[in-house]
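# Notes for the structure review
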Amino acid sequence: MSKDNHSKDQGSGLSRREFLKISGLSLSVPLLTGGRTLKISGENVTVYGPGKSPVALSVNGKTYKVELEPRVTLLDTLRQELDLTGAKRVCDGGTCGACTVIIDGKPVYSCSILAIDAQGKEITTVEAMMEGDRLHPIQQAFIDNDAQQCGFCTPGFVMAAQAFLREKPHPTPEEVKTGLGGNLCRCGTYMGIRAAIMQASKG
Amino acid sequence: MPDYRWPEREKRRLIGKRISRVDGPAKVSGKAKYTYDVKRPGMLYGKILRCPYAHAKILSIDASKAERMPGVKAVKVIQDPGTEIFWAGDEIVGVAAVDETTADDAIRSIEVQYEVLPHLVVDSDPSLAGDRLRPSAEEVKGNPERAFEESDVTAEGIYGTPVITHCCMESHGSISEWNEDKLLVHISTQAVSSISDAMAEALKIPAGNVRTKMDHMGGGFGSKFGPDRWGIETARISRLAGGKPVKIMLERDAELTVAGARPSAYARVKVSARKDGTILAWDSESWGTGGIGGGGRPPLPYVFDIPHQRIRHMSIINNIGSARAWRAPNHPQACLITMGALEDLANKLEMDPLDLVLKNIELTGRRSTVYEEEFLKAAELMGWKEKWHPRGDKTKGPVKRGLGLALHTWGGRGHGSNCDLTIHPDGTTDIKLGTQDLGTGTRTVITITAAETLGLPMSSINLMIGDSLFPVSGASGGSTTVGGVSSSTRRAALDALSQLFEKVAPALNAKPGDLEAVKGKIQVRKDPSRSLTWVEACKSLGGTPITVRGQNPGPGRLASSGVGGVQMADVSVDIETGVVKMNRMVAVQDCGLIINPKLAESQCYGGMIMGIGYALYEEKIMDPASGRMLNPNMEFYKLAGNGDIGELVVHMMNSDEHDGRGVIGLGEPPVISPGAAISNAVANAIGVRVPFLPLTPNRVLEALAS
Ligand code: FES
Ligand code: FES
């Protein structure tokens, strides 16, 4: 977590480690709902919990307000509170990529970030890929090349592919192999995924 | 009576074409709803407290704190004090709460006392098993003793593959809710039609009171046939919570610990031949575990019917939870053991293993000519003759390259399936089957079959699956689904069409038998200018739809069974680090009539990739001291990633001879050979056999050191 985040008064900017350090403190003050600002090492930080706090998230261009415990991940919030179930929980530990969403332009494992830490950022999920009824060229490429079987890993792959192609619009096949190494598929669709990325990179 | 056959090849419009799967758009957009995604009104989240010991007796359970916790709606003891527990991870107490965090807290507050009992989790060494060994009777064929004596060359070796898990991306789980005495279950399953019966039996309610639903599922691979104890408990806990929906999806660690294990298999093998490579005798002593229930038994020797053989097998009963079918039960293990032993024999004979298998191809039985053809094709695609070298790559440098091969077989006859097809007077067509789409493309196959038969575009078929209210169709296991549903759908569509022909024949001034359905029209075969559009034809139904039920098995010959395939692997091994790298793999596979080559190839790629996974990375590692799984996560239970698989080449056998056999399932076959082919390629590269999968750097280095 960068230092700049701490000084922002919007967004929590509080790492889990620091939260643990000060959680004793927060328990000794009367129970409040919502984040409150404390001075920690001379800086203003927002403290949440225990119990539920109001959290505001900007997802696919819309602002959502929910009540959450601070320990809830962004992934679970998207799925259970906002009913955006495209991102899946598979490993719940930053290994498989099934929960990939794009935050401020970067692919992120949404199982590995707390919802409170995602405040103030622009979150994009697979649900925003289609324009009305029109599939995004990457999605079309996944279909054309059968880059999916059960499809459970697919939304994560689509998001990872989008972020990858933004970084590298014209990748080599070798770059595709490593560039999508952060996502796993149990059904074994990698050949289709490679072909899909190559197709989409031409489009 | 319609002629229940597949249309002639030249006349097929959709069958055999590379058609994209019909649920592709739903899957790439996040719209496909899996059980994991289902949220019912007022739904509670369930969690399960699991036993930390591999073998124990429950002494007491105190869940009072959980019961008092705000937000906790039900606490249910699943196994009572006094019960003996046989594996770590077994279910003890379930709770349901308004959200996951509360349910987690409730689980943590429950106190259980155990009496810990001695356990065994090791399976690779039978000498540690004591009285936990269950030997099967010895089987002898011919006269192995004499045959070994008469042989010129005998190879001996040890081979094995550990317990691995299914690691479905969508973990196991379900949601149960009651409406009076009716139960609605959403569940991730390979068997929509039979889950209701299984739930009803466990809950002692009439089967008709249970409805099971599932739109999409995120992988099963043989592990999701039954409702499982946690699934049944969702219904019981829901009852306690006043009937509210209760959802339990397994956490990843539980998924890997209790929701699926492929039995291990190890064997000491002796196999012999004459100097010219004629294989004479086989002797194997194998062992392995499927946990407390014992394991399957690898069919040894695999595919090759060696004239003289002695086979012994021992099951090790240990405390690791029970086995489940894992894509081609027992075959990958048997293939590894047999093809490994034959490759070792070829090495001793100083023969190219391809020559050895071809020399003995008749031992593979009635499909030997297909295998021969497949091997020759694979050799061509791999460049086998140019690239193969005798064992031990003699080139300079630490990276050694090698080739290996294997062959496999599977049944794949279509399962029992019922398909209800309705043609409405407005021209729309509904199809209902109690089947499910695991990712194999069931929806697509049914739609193609119906549209082809009715002469309609695929978009005009309204297909409904994944509901126990629909006609019973078999479980998706053993590569039986595509054969089953395509056959029942074809029969239904042919029957419906013949009823429609009856109705419209007078209007076309023809006999029903002279009509055909082509390109959205019903026309006279010999005079296509006399025709009705599909919609006009359906209007003549006079307000009464046609509904028929197609069944499999049924009349005609639409499906059969028995396929084979061969695979070849090209690997590089760094003998300094022990790392195995896949360069290329070739699969040549037959599966009868291919409804959709695009999907068939995906099945093959998928099988090969899963095979690379268990060959190189996957192992359920048990801690002998604690009796617990050491890698119940995806960081250390490793699946192959995009960068790990090299280049894959698939060639489907598609001659008239194959096509004429009708549809045969394809899910299992391609996953059987990779372990053996890769193990053989590694031996070819480094000059020594690495006895056990997965071929981790450690094991490779150990083999090199010995
Ligand atoms: S669920 Fe987030 S990386 Fe696997
Ligand atoms: S398509 Fe099933 S996990 Fe990737």
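These lines cover the structure that appears in this document, whether it is placed above or below. Since the structure is predicted, the reported quantities are computational estimates derived from the model, not experimental observations.

Procedures and definitions
Per chain, residue numbering runs from 1 following the sequence as it is written. For this description, chains carry letters from A and ligands carry numbers from 1, given in the order in which they are written. Given that this is a predicted model, residues contribute local features only at a pLDDT of at least 70 and side-chain atom pairs are listed and counted only at 80 or more, while totals for whole chains, interfaces and linings are drawn from all residues. Working from all heavy atoms in the structure, the side-chain values ignore hydrogens and water. Cavities and pockets are found on a 1 Å grid laid over the protein atoms alone: a cavity is a set of points where a 1.4 Å probe fits but cannot escape, a pocket is an open set with protein on both sides within 12 Å along at least five of seven lines, and a lining residue has an atom within 4 Å of such a point. Grid points are joined across faces, edges and corners, and a volume is the space filled by probe spheres set on the points. Put simply, DSSP H or I for four residues or longer makes a helix, DSSP E for two residues or longer makes a strand, and each gets a number counted from the N terminus. Under the scheme applied here, ten amino acids are nonpolar (Ala, Val, Leu, Ile, Met, Phe, Trp, Tyr, Cys and Pro), four are charged (Asp, Glu, Lys and Arg), and all others, including Gly, are polar. Burial here depends on accessible area, computed with a 1.4 Å probe over protein chains only, as a share of the maximum for the residue type. Under 20% is buried, over 50% is exposed, and the range in between is partly exposed. Any pair of N or O atoms that falls within 3.5 Å is considered a polar contact. Within protein, one atom must be able to donate a hydrogen and the other to accept it, and sequence-neighbouring residues count only if both atoms are side-chain atoms. Pairs of strands are assigned from DSSP output, requiring at least two bridges between the strands. What counts as an axis is a line fitted to C-alpha atoms, over the stretch in contact for a helix, and the angles between N-to-C directions run from 0 to 180 degrees. Here, residues are in contact when the closest pair of their heavy atoms is within 4.5 Å. Aromatic rings from Phe, Tyr and Trp, taking only the six-membered ring of Trp, are treated as a pair when their centres fall within 6.5 Å; an angle between ring planes under 30 degrees marks them as stacked, one over 60 as edge-to-face, and anything in between as tilted. We call a charge positioned over a ring when the NZ of a Lys or the CZ of an Arg lies within 6 Å of the ring centre and within 35 degrees of the ring normal. Here the buried area means the combined drop in accessible surface, using a 1.4 Å probe, for two parts upon being joined, counting both sides. Salt bridges are counted wherever a side-chain nitrogen of Lys or Arg sits within 4 Å of a carboxyl oxygen of Asp or Glu.

## With respect to the layout of surface pockets
All names here are of chain B.
- Estimates place the volume of the largest pocket at around 990 Å³.
- What lines the largest pocket is a set of 26 residues, among which Arg490, Leu494, Leu515, Glu516 and Arg525 lie closest to the centre.
- Elements with a minimum of two residues in the lining of the largest pocket: helix 12 (442-454), helix 13 (481-504) and strand 21 (515-518).
- Considering every element that reaches the lining of the largest pocket, the biggest residue donor is helix 13, with six residues.
- Taken together, the residues that form the lining of the largest pocket break down as 11 nonpolar, four polar and 11 charged.

## Looking at the side chain of Thr161(B)
Residues and elements named next belong to chain B.
- Along the polypeptide, Thr161 turns up in strand 9 (residues 153-161).
- For Thr161, a relative accessible area of 1% puts it in the buried group.
- A polar side-chain atom of Thr161 sits 3.1 Å from a polar atom in the side chain of Arg262.

## Looking at empty space enclosed by the protein
- Using the criterion set out here, one finds four cavities of 30 Å³ or more in the structure.
- The calculated volume of the largest cavity comes to roughly 200 Å³.
- Taken together, 18 residues make up the lining of the largest cavity; nearest its centre are Gln80(A), Tyr36(B), Tyr45(B), Glu100(B) and Lys247(B).
- The set of elements that each furnish at least two residues to the lining of the largest cavity consists of helix 3 (74-81) of chain A together with strand 1 (44-50) and strand 13 (246-249) of chain B.
- In this structure, the second largest cavity encloses a volume near 60 Å³.
- Trp87(B), Ala88(B), Thr257(B), Asn319(B), Ile320(B), Gly321(B), Lys620(B), Met622(B), Gly627(B), Arg628(B) and Met629(B) together form the lining of the second largest cavity.
- Grouping the amino acids of the lining of the second largest cavity by side-chain chemistry returns five nonpolar, four polar and two charged.

## Regarding the sheet that holds strand 5 (residues 91-97) of chain B
Residue and element names in this part refer to chain B.
- With mixed pairing, the seven strands of this open sheet are ordered in space as 3-5-1-13-10-11-12. A strand with exactly one partner marks an edge of an open sheet, and here the two such strands are strand 3 (72-77) and strand 12 (210-213). When strand polarity is set aside, the average angle formed by the axes of neighbouring strands in this sheet is 20°.
- Pairing between strand 11 (residues 182-187) and strand 12: four bridges, direction parallel. Bridge assignment links Leu184 to a residue of strand 12, and that residue is Arg211.
- Where helix 6 (residues 228-240) meets the sheet, its contacts fall on strand 1, strand 3, strand 5, strand 10 (173-179), strand 11 and strand 13, and the angle it forms with strand 10 comes to roughly 30°.

## Considerations on the packing of aromatic side chains
- Summed over all chains, the structure comprises seven aromatic pairs over all chains.
- Geometrically, the ring pair formed by Tyr53(B) and Tyr114(B) is edge-to-face, given 5.3 Å between the ring centres and 75° between the ring planes. Placement of Tyr53(B) in the loop between strand 1 and strand 2 (56-62) and of Tyr114(B) in strand 6 (residues 111-116) is noted, with a sequence separation of 61 residues between them.
- Classification of Tyr53(B) as partly exposed rests on a relative accessible area of 32%.
- Of the residues examined, Tyr114(B) reaches a relative accessible area of 15% and is grouped as buried.
- Its guanidinium or amino end placed over the ring of Tyr36(B), Arg79(A) lies 5.1 Å from that ring's centre, counting from NZ or CZ.

## Re the interface of chain A and chain B
- Taken residue by residue, the interface counts 48 residues in chain A and 57 residues in chain B.
- With both sides pooled, the region where chain A packs onto chain B buries about 4,300 Å², and carbon together with sulfur makes up 51% of that total.
- When the buried surface of chain A facing chain B is broken down by residue, Gln149(A), Arg186(A) and Met191(A) rank first, second and third, together holding 19% of it.
- Linking chain A with chain B are nine salt bridges.
- Inspection of the chain A/chain B interface yields 31 residue pairs in polar contact (both at pLDDT 80 or more).
- Secondary-structure elements contributing two or more residues to the side of chain A that touches chain B are helix 3, helix 4 (137-144), helix 5 (154-167), helix 6 (173-179) and helix 7 (190-202) of chain A.
- Its residues assigned to classes, the side of chain A that touches chain B comprises 22 nonpolar, 12 polar and 14 charged.

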